[in-house]
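# Architecture and fold: a report
The primary structure of each chain is shown beneath.
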Amino acid sequence: MSEKWNARTRAVHGGVRRSQYGEVSEAIFLTQGFVYDSAEAAAQRFEKAGEDEFIYARYGNPTVRMFEERMAMLEGAEDAFATASGMAAVSGALTAMLKAGDRVVSARALFGSCLYVLEEVLTRYGVEVEFVDGTDLAAWDAAITPGTKAVFFESISNPTLEVVDIAEVSKLAHAVGATVLVDNVFATPVFSNAIAEGADVVIYSTTKHVDGQGRTLGGVIMGTEAFIRKTVEPYMKHTGGSMSPFTAWVMLKGLETLELRVRAQAASALQLAEALQGHDALARVIYPGHASHAQHDLVTRQMGGDGGTVLSLDLKGGQGAAFKFLNALTIPVISNNLGDAKSILTHPATTTHQRLPQDQKDILGITPGLVRMSVGIEHGDDLVDDILQALKKAQ
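Residues numbered from 1 in each chain as written. Predicted model: local features only at pLDDT ≥ 70, side-chain atom pairs only at ≥ 80, totals over all residues. Heavy atoms only, no water.

Counting its secondary structure elements, the chain contains 17 helices and 12 strands. Whereas a compact globule of 395 residues would reach a radius of gyration of roughly 21 Å, the chain reaches 21 Å, a difference of no more than 12%. For the chain, the C-alpha atoms occupy an extent of roughly 75 × 50 × 35 Å along the three principal directions. Burial status across the chain gives 56% buried among its 395 residues. Just so you have it, the chain exposes about 16,200 Å², and 52% of that area is on carbon and sulfur atoms. Side chains of the chain give 34 positive and 47 negative charges; the mean places of these two sets differ by 3 Å. (Helix = DSSP H or I, 4+ residues; strand = E, 2+ residues; numbered from the N terminus. Rg over C-alpha atoms; globule rule 2.2 N^0.38 Å. Buried < 20%, exposed > 50% of the residue type's maximum accessible area, 1.4 Å probe, protein only. Areas by Shrake-Rupley, 256 points an atom, 1.4 Å probe, with all protein chains shown as cover. Lys, Arg positive; Asp, Glu negative; His and termini not counted. Charge placed at Lys NZ, Arg CZ, Asp CG, Glu CD.)

Have a look at this one:
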């Protein structure tokens, strides 16, 4: 790979391995194991596998390795480990590095499953977890004390789209020797380079924009070679959270069109945000790429002004109005995924964040009227027309 290649070129050509047949599309090595030339060769490989030597699909696979290398090149990381899902990546990255007595500081605004891992799983095994307002640097500064082992946050939170200052929080964490782990899903690899901003570990649910077409679950953990191979890999290969070869192949195909899709989606998201400002059915329109967002200056510095593919709408009529709105749509579908080629809407209070007590929903701004919209690649004009007619029916 040329160091001069742009991200779009890396997403098409990075990490390619061709078999003796010289295939254009990457091969799927759909095998769970590998054959050795001799007993001595098997013993040697278990002692230390070479760069293109594999032992078992749970440990590694040529197709999976292509995907890992391509993602690492795209993100500017030294190495990557692909996982069975986005949550396998989040839980694997945290659990692999933490032990009883360690301390984690996390932003409080997180996806429901991430909250479960931090609140229920890690604390069950003796890890101390403190939550802070991710937008408040003073709160981070007060919480990140000497002895803090890890700092975790979503660069753009789900579903209220709060933005965390990666560079400043990373400085605070590194001052006490803490590792910074960033779930960068909403920002996407197209609009954000969290490692360049100071993060140590970057996590994606590749189910979202990387696949981007609703086909498979996947995730990836990226960081230094030492962290990936000495901390993450031993944990993941023994606990079974690795990605399948077929999934890796689907993800490789998704990467080829990632930037084209995401830029088109973000353009339509901004078009929607502009069209819906001040609508009398809406209490607020939340989109990081719009000037009305409280952290738009940070978004401009951290993401070049691009706000991603997701916006949230808060209907004045509460849950009843939200449900009428969702049921009146003709183009978007109601589901709980995001980053898809199809526009998708969900009602977080009754789905993705349903398990949270009401007081926690109130703190996070997850109101009964809040609807999260993941904008697809449909024409922006059609989406605007459909959203407007559905809002009219919801009033």
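Take unusual backbone geometry next. Here the bond from N158 into P159 is cis, since omega is 10 degrees, no more than 30 degrees from zero. Positive phi outside glycine occurs at L161, with the angle close to 60 degrees. Within the fold, L161 resides in the loop between β4 (148–154) and α7 (166–175). Among the residues examined, L161 registers a relative accessible area of 1% and is labelled buried.

In total, this model carries 24 salt bridges according to the counting rule given. A salt bridge links E120 to R355; its shortest N-O distance comes to 3.8 Å. With E120 in helix α5 (residues 112–124) and R355 in the loop between β11 (344–346) and α16 (358–364), this residue pair connects regions lying 235 residues apart in the sequence. Residue class for R355 comes out partly exposed when judged on its relative accessible area of 38%. (Salt bridge = Lys/Arg side-chain N within 4 Å of Asp/Glu carboxyl O.)

What follows concerns the sheet that holds β11. Strand order in the open sheet formed by 5 strands is β8-β9-β12-β11-β10, and the pairing between neighbours is mixed. Strands with a single pairing partner mark the edges of an open sheet, and in this sheet they are β8 (282–286) and β10 (333–334). Summarising the sheet, β10 and β11 pair through 2 bridges and their orientation is parallel. Pairing of V333 across the sheet is with I344, part of β11. (Pairing = 2+ DSSP bridges.)

The next point concerns a nonpolar patch on the surface. A grouping of I28, L30 and F246 is seen on the molecular surface, where their side chains present a nonpolar patch of about 290 Å² in accessible area. Residue placement: F246 occurs in helix α12 (residues 245–256). Overall, the relative accessible area of 40% leaves F246 in the partly exposed class. (Patch = residues over 30% accessible without salt bridge, like charges linked within 9 Å, V, L, I, M, F, W, Y side chains within 5 Å.)

With 12 residues, α12 should reach 16 Å at 1.5 Å per residue; the first-to-last C-alpha distance of 17 Å fits that figure. Here α12 has its buried residues at P245, T247, A248, V250, M251, L252, K253, G254 and L255. Elements in contact with the buried residues of α12: α1 (7–13), α3 (62–75), α10 (207–211) and α13 (258–276). (Expected span 1.5 Å × (residues − 1). Contact = heavy atoms within 4.5 Å.)

Take the nonpolar core next. Formed by 82 residues in total, the largest nonpolar core has its most connected members in F67, W140, F153 and F325. Here this core gets 7 residues from one element, more than from any other, and that element is α13. Once you skip the residues sitting within four places of it in the chain, F67 turns out to touch A82, T206, V210, V220, M243, A248, M251, L252 and L255. Counting residues in each nonpolar core, the second largest holds 31 residues, with V129, F227, M236 and L364 among its members. (Core = buried A, V, L, I, M, F, W, Y, C linked by side-chain atoms within 4.5 Å.)

We now examine the packing of α13 against helix α17 (residues 380–394). Running from N to C, α13 and α17 point in directions that differ by 40 degrees, and their axes come no closer than 9 Å. With respect to their mutual orientation, α13 and α17 come out oblique. For the element pair α13 and α17, the recorded crossing hand is right-handed. Of α17, the residues touching α13 (which contributes S268, Q271, L272, A275 and L276) are G380, D381, L383, V384, I387, L388 and L391. (Axes fitted to C-alpha atoms, helices over the stretch in contact; angles between N-to-C directions. Parallel < 35°, antiparallel > 145°, perpendicular 65-115°, else oblique. Left-handed = near helix turned anticlockwise from the far one by under 90°.)

Taken in spatial order, the 7 strands line up as β1-β7-β6-β5-β4-β2-β3 in an open sheet, and their pairing is mixed. With one partner strand each, in any of the chains shown, β1 (79–83) and β3 (128–132) form the two edges of the open sheet. When the angles between neighbouring strand axes are averaged without regard to direction, this sheet yields 20 degrees. Pairing of β1 with strand β7 (residues 219–223), which is carried by 5 bridges, proceeds in the antiparallel orientation. Among the inter-strand pairings, F81 is bridged to a residue of β7, identified as I221.

This part covers the packing of aromatic side chains. Scanning the model with the defined rule gives 5 aromatic pairs in all. On the basis of an interplanar angle of 65 degrees and a centroid distance of 5.8 Å, the ring pair of W140 and F153 is categorised as edge-to-face. Of this pair, W140 sits in helix α6 (residues 137–143) while F153 sits in strand β4; the two residues are 13 residues apart in sequence, bridging distant segments of the chain. Since its relative accessible area comes to 0%, W140 is described here as buried. F153 gets classed as buried once you look at its relative accessible area, which sits at 0%. The ring of Y59 carries the charged tip of K237 above its face, separated from the ring centre by 4.5 Å. (Phe/Tyr/Trp six-rings, centres within 6.5 Å; stacked < 30°, edge-to-face > 60°. Lys NZ or Arg CZ within 6 Å of the ring centre and 35° of its normal.)

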